[in-house]
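For reference, the chains in residue letters:
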2 protein chains.
Amino acid sequence: MTAPHNLGWISNDNMALLTDLYEFTMAYSYFRSGKNEHATFELFVRELPQDRSFLVSAGLEQILYYLENISFGEESLDYLGTLGLFDTEFLDYLGSFKFTGTVYAIPEGEIYFPPEPVIMVSAPRIEAQIVETFLLNTFNFQSLVASKAARIVLAADGRGVVDFSLRRDHGADAAVKAARASYIAGCLGTSNVLAGMFFDIPVFGTMAHSYVMSFVSEIEAFRRFVKDYPKNSVLLIDTYDTIGGAKNAIKVGKEMKKAGRKLQGLRLDSGDLALLSKKVRGMLDGDGLGYVKIMASGDLNEYRIQDLVKGEAPIDTFGVGTEMGTSRDSPALGGIYKLSCDNLGPRMKLSCGKATLPGKKVLYRCMDTEGMYWKDLIATWDEKVDLPDGYKVLERVMENGSITSDVPSITVIRRRFLGNMEKIPALLKDINNPGSYSVEISENLSRKAEGHLG
Amino acid sequence: MTAPHNLGWISNDNMALLTDLYEFTMAYSYFRSGKNEHATFELFVRELPQDRSFLVSAGLEQILYYLENISFGEESLDYLGTLGLFDTEFLDYLGSFKFTGTVYAIPEGEIYFPPEPVIMVSAPRIEAQIVETFLLNTFNFQSLVASKAARIVLAADGRGVVDFSLRRDHGADAAVKAARASYIAGCLGTSNVLAGMFFDIPVFGTMAHSYVMSFVSEIEAFRRFVKDYPKNSVLLIDTYDTIGGAKNAIKVGKEMKKAGRKLQGLRLDSGDLALLSKKVRGMLDGDGLGYVKIMASGDLNEYRIQDLVKGEAPIDTFGVGTEMGTSRDSPALGGIYKLSCDNLGPRMKLSCGKATLPGKKVLYRCMDTEGMYWKDLIATWDEKVDLPDGYKVLERVMENGSITSDVPSITVIRRRFLGNMEKIPALLKDINNPGSYSVEISENLSRKAEGHLG
């Protein structure tokens, strides 16, 4: 009794249905009333999540390939037909649906701030509407994780961070995308093998407690492991007792040394990591194993890592899981997608506490004489702005439904992020009391908004 | 320049790589040392997340189909080969890999408590090890959301709850699985069309603010919409001003009534929902539209819903998004997967604060004379237990790698959950000060654990 979708895997054939039903009900009504004029929607975040001083753009690559490939296969159309909401004419329209719009976006790896437009979609209204939910789902999650990972990487202050979140991520897609987003934000790599294959991310990992427990003794497990991995063994030493485990690992490390080989590292996964890392480092150094690295894991986040770094815990690499992959302290980014302009002119929503800025926009980032970012300016599309050291942050990434330029490799994106970290004010990088960054609304845009409100 | 996996879609062909690298490095070492004896691993949760009094089993269906279908395709083997960690003999072994084990599990929709075994996997060690991460990723997330959704459904106290989380869920797979898990836990359905198609879940949704803004006036938008959906229009009334929106909706509702049709509902999405729902209800009733339902949405969780219900806000259905789909207050479930038994006998990990219970186990649930659950008992596999009103909670769901019985439909699973809600102590259903439930460890099992510790 195998149902066709018991595992629930999404593919290019059915991804067009990964959307809220209301996108289709609205689209149908637009279709029936002939309301398919050109419209512009803007994806943006209304406010910074608590304890975030900047956000990192991530997810655009998936969004662009989605837009280039979205179509409705037979199964999807059949299913929509069963809902009893749409007529055949509309289903036929969907059957030949293609996204033909133009997209401007902040490149991946670049930082941004509320309420800056991050992605602007201009397309016939039905097309721009139908893609809303997918864009939000994709961007909100990857940007959420990249923004959290950035804090963790900042706290590690040059020591390595590896994504260990797979088992606690929200499902399968979250796991591969969390690996991608955290790598963009400066992690060294991930434990997630599939993410490694998909996105060309370095993969890390050696052993779990169950491995150690599968042998009669800990030292037998260690000996066996280094035999199979003479060059890259990281031994997990806390299965029974960390100090005892360190002694066993050192014994094995010395045996390797005698044989002309090098033990790569030890991993701590429980207990007082500050104390244990110092003890174990001392033991290693005392036994001539100064080259053996120490990795630590276990419920780490930016604050615990900061404490360890400030306390000079001799940890070389941090394995970070749940806190990074779920952005645990703030597990959702509130990106929204709003109509800003259509054939009726600039549009503005006025709902209580949820007003938007009307019209198409341009985002400028201004640099001081040393090339450091010091403020952003949101202006109207056609406004003449006099900013000698400002550049336009949004790039045209799609035109008439086709990607306009090479999609950057993940290495380029990661480098852009790391470059950004060199250019933002130091205060934004303080994870405890972050400063704020100035995002100005141009006079022209303010007047326009007031005109709508008034 | 289309990379083959730019969208990162997972399929049966590559899902075997959705795992931590260390599963493969360990497996390789077991393989090389001929350590492939039968072993039993247990998936369980160490402690209840804050503000949870019970957990709901969910995700087993996906786990069983994964186990029945896991294999390594050419691309996956090629990628593993590039890592330089494994020899050809091992890659050949993976090339013909099949999971041949036996699985016992708590059925989906049934509640459970820490540290009860939820899934027990007995298989040749390499097989049982390789599937670890996928099982954890799948179970942790679906159980997380089902357990959160259960609280929201309890708070709604008989009023409807619909999943609106797609745009804030952690990626694509999370969205379809959150819809599934929340439906199991008593929601009426979801806005997520793909989840509807995959899992036969009712789908809901009508319009967004952008629809209203796409017309010259709100009332024109409403008139157009009810023309296209004469039977199932829910009008969103807060785009400009909720009371003004209600007046427009009522005007349209009366026009429909005159024409012999019924407006289905209104939706509130911002502002003081208690106050506004009462005002709007009064306006509707005063105009002879008592049959028009009120739906509310906007950052709802179990506490806000409870307040609205206690305050007798006349809301018929709640649309719940972020808080449910990300389990926002506690966004990760710490399920773990531990070796409990192998050829060396019962196994136990002793790491600081992370000890496990040794050996294969049986879980009993005890009912009082009225059929109400009053305690659970974890006993050793072969222990003779005298429980006249206890039943074994774990069922054998897979044998020799094949699913042993019909996988229950989602309707059956949902019914099981709702049945559970009738049988658990009332105190567990208090979302504010939940009582605790007694989970006993049998004397035999305690003695065994002490033996390992001593």
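Residues numbered from 1 in each chain as written. Chains lettered and ligands numbered in written order. Predicted model: local features only at pLDDT ≥ 70, side-chain atom pairs only at ≥ 80, totals over all residues.

A.B. asks: Hey, could you go over the sheet that holds strand 10 (residues 293-297) of chain B for me, with residue numbers and the actual values?
C.D. replies: Residue and element names in this part refer to chain B. Spatial strand order, 7-6-11-10-9-8: six strands in an open sheet with parallel pairing. The open sheet is flanked by strand 7 (189-190) and strand 8 (234-236), the only strands paired with a single partner. Where strand 6 (residues 160-163) and strand 7 come together, two bridges link them in parallel fashion. Along strand 7, the bridge assignment pairs valine 162 with glycine 189. (Pairing = 2+ DSSP bridges. Helix = DSSP H or I, 4+ residues; strand = E, 2+ residues; numbered from the N terminus.)

A.B. asks: Now, about unusual backbone geometry: what can you tell me, with residues and values included?
C.D. replies: Trans peptide bonds make up most of the peptide bonds, and negative phi angles are found at most residues other than glycine. A cis amide bond links A:Pro114 with the next residue in sequence, A:Pro115, at an omega value of -5 degrees. Its place among the elements puts A:Pro115 in the loop between strand 4 (111-112) and strand 5 (119-124). Even without a glycine there, the phi angle at A:Asp200 is positive, about 60 degrees. Its location among the elements puts A:Asp200 in the loop between helix 8 (193-199) and helix 9 (209-213). Positive phi, close to 55 degrees, is recorded for B:Asp299, a residue that is not glycine. Tracing the backbone shows B:Asp299 in the loop between strand 10 and helix 13 (302-310). According to the C-beta neighbour criterion, B:Asp299 is partly exposed, with 14 such atoms within 10 Å. (Buried ≥ 20, exposed ≤ 12 C-beta atoms within 10 Å, placed from the backbone.)

A.B. asks: Can you explain the interface of chain A and chain B? Please cite residues and give values.
C.D. replies: Contacts between the two partners involve 94 residues from chain A and, on the opposite side, 94 residues from chain B. Broken down by class, the residue content of the side of chain A that touches chain B amounts to 43 nonpolar, 31 polar and 20 charged. (Contact = placed C-beta atoms within 7 Å. Nonpolar A, V, L, I, M, F, W, Y, C, P; charged D, E, K, R; others polar.)

A.B. asks: Run through the pairing of strand 11 (residues 317-320) of chain B, naming residues and quoting values.
C.D. replies: Consecutive residues of a regular strand have side chains that alternate between opposite faces of the sheet. Residues and elements named next belong to chain B. In strand 11, alternate side chains face the same way, and those of Thr317 and Gly319 on one face and Phe318 and Val320 on the other are all buried. Strand direction decides the pairing type here: strand 6 and strand 11, joined by four bridges, are parallel. Its bridge partner being in strand 11, valine 162 is matched across the sheet by glycine 319. Pairing analysis gives three bridges linking strand 10 to strand 11, with the strands arranged parallel. Within the sheet, the bridge partner assigned to alanine 296 lies in strand 11 and is phenylalanine 318. As a crossover connection, the stretch from strand 10 through helix 13 into strand 11 is right-handed. (Right-handed = clockwise from strand over helix to strand, strands pointing away.)

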